[in-house]
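Descriptive analysis of the structure
Next come the chains, spelled out residue by residue.
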Amino acid sequence: MLDGQAAVVTGAAQGLGYAIAKAYAAAGMRVALLDVRGDILERVAAELRAAGGDVLPITVDLADAGATQSAIDTALAHYGAPRVLVHNAALLITRSMLEISFEQWRKEINIILQAAFILSKAVWRPMIDAGGGSIVYLSSGSGYKGFIEEVAYNPGKHGIEGLMKCLALEGKEFNIAVNAATPGAPINTPMSDSNYTESQKQRWVDPELLAPAFVFLARQDASGVTGHRVAARADGGWDAIDLL
Ligand SMILES: NC(=O)c1ccc[n+]([C@@H]2O[C@H](COP(=O)([O-])OP(=O)(O)OC[C@H]3O[C@@H](n4cnc5c(N)ncnc54)[C@H](O)[C@@H]3O)[C@@H](O)[C@H]2O)c1
């Protein structure tokens, strides 16, 4: 079902987004790869093309609304309506309320929440016209619990969980599934490297082990799993909690 269909993956240069993009390309999907790290993205695109993938790297700062709109317009013009949009890019810089500036706060919120809105709005009509689709936001334990020194990342993750629930309800009429996904295990990525404790690092897993849950989510529409928080497990399975 996914072979030949389009996907959009943000934060695809490294970490979990790279693992998801690689799994989609391996499933025969045509993948738009969005990331601010154009240098790494070009290497990823070359690697996936060498393995037979059809991918389009798009360098974009997702904190910038206009650039985000241009990037998704480019992806849509190239591949048409995506079967799945995965908004995975995020920035976590731990800072207390005393330390953080408004500009720093706004940057993290924009990458996580503003970009989620702009990207989803851009694919909404094309997905309706295509008869359905699947939207996935990367959430976190920070999407429902508070953590110290996360005054930007945490409300951003709470925000995408709210957007997910509202769009899942609206999407039922149009056969669009909207879900939030979380790593069900600590993952070995650049983000974790700078934020995890040594004991967390002892049990972290390769993000490629979590990719099967994202292949499953790419196949969903409103008749399947929607309005859920899906925790991707390292054994290739997933646990899903209905939030509607
Ligand atoms: N690492 C974990 O254990 C963990 C836990 C819970 C949730 N998550 C979530 O999973 C997702 C992926 O996490 P990760 O660990 O792979 O992160 P990561 O930092 O390793 O990778 C994030 C990617 O997003 C890109 N990115 C950052 N800012 C950007 C911007 N302004 N514009 C475009 N791209 C930008 C980065 O270049 C990078 O390629 C994130 O949404 C994160 O919040 C991760």
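Below, the structure is looked at part by part. Please read all numbers here as calculations on a predicted model, not as lab measurements. (Residues numbered from 1 in each chain as written. Predicted model: local features only at pLDDT ≥ 70, side-chain atom pairs only at ≥ 80, totals over all residues. Heavy atoms only, no water.)

Some words on the environment of F117
Rule in force here: The helix count covers DSSP runs of H or I at least four residues long, the strand count covers runs of E at least two residues long, and both are numbered beginning at the N terminus. A simple rule labels every residue: compare its accessible area, found with a 1.4 Å probe on the protein chains alone, to the largest value its type can have, and call it buried under 20%, exposed over 50%, or partly exposed in between.
Tracing the sequence through the fold places F117 in helix α4 (residues 102-130). The exposure class of F117 is partly exposed, given its relative accessible area of 47%.

What to know about the packing of aromatic side chains
Counted only if it meets this: In this scheme Phe, Tyr and Trp rings, the latter by its six-membered ring, pair at centre separations within 6.5 Å, and the angle between planes marks the pair as stacked below 30 degrees, edge-to-face above 60, and tilted otherwise.
Applying the stated criterion across every chain, the model contains 3 aromatic pairs. Ring centres of W124 and F174 lie 6.5 Å apart, and the angle between their planes is 85°; on these two criteria the pair is classed as edge-to-face. Placement of W124 in helix α4 and of F174 in the loop between α5 (153-171) and β6 (176-183) is noted, with a sequence separation of 50 residues between them. For W124, a relative accessible area of 14% translates into the label buried. Look at F174 and you get partly exposed, because its relative accessible area is 26%. Taking the centre distance of 4.1 Å and the plane angle of 20° together, the rings of F216 and W238 count as stacked. Pair noted here: F216 is in helix α8 (residues 211-218) and W238 is in strand β8 (residues 238-242), with a separation of 22 residues, a long-range link.

Description of the pattern of salt bridges
For clarity, the cut-off: What counts as a salt bridge is simple: a side-chain nitrogen of Lys or Arg found within 4 Å of a carboxyl oxygen of Asp or Glu.
One pass over the full model with this rule turns up 10 salt bridges. For the salt bridge of E208 with K22, the shortest nitrogen-to-oxygen distance reads 3.4 Å. Taken as a pair, E208 in the loop between α7 (198-201) and α8 and K22 in helix α1 (residues 15-26) lie far apart in primary sequence, 186 residues in all. In this structure E208 comes out as partly exposed when scored by relative accessible area, which is 36%. Taking the relative accessible area as the measure of exposure, K22 reaches 29% and is therefore partly exposed. Between R37 and D39 there is a salt bridge, with the nearest N and O atoms lying 2.9 Å from each other.

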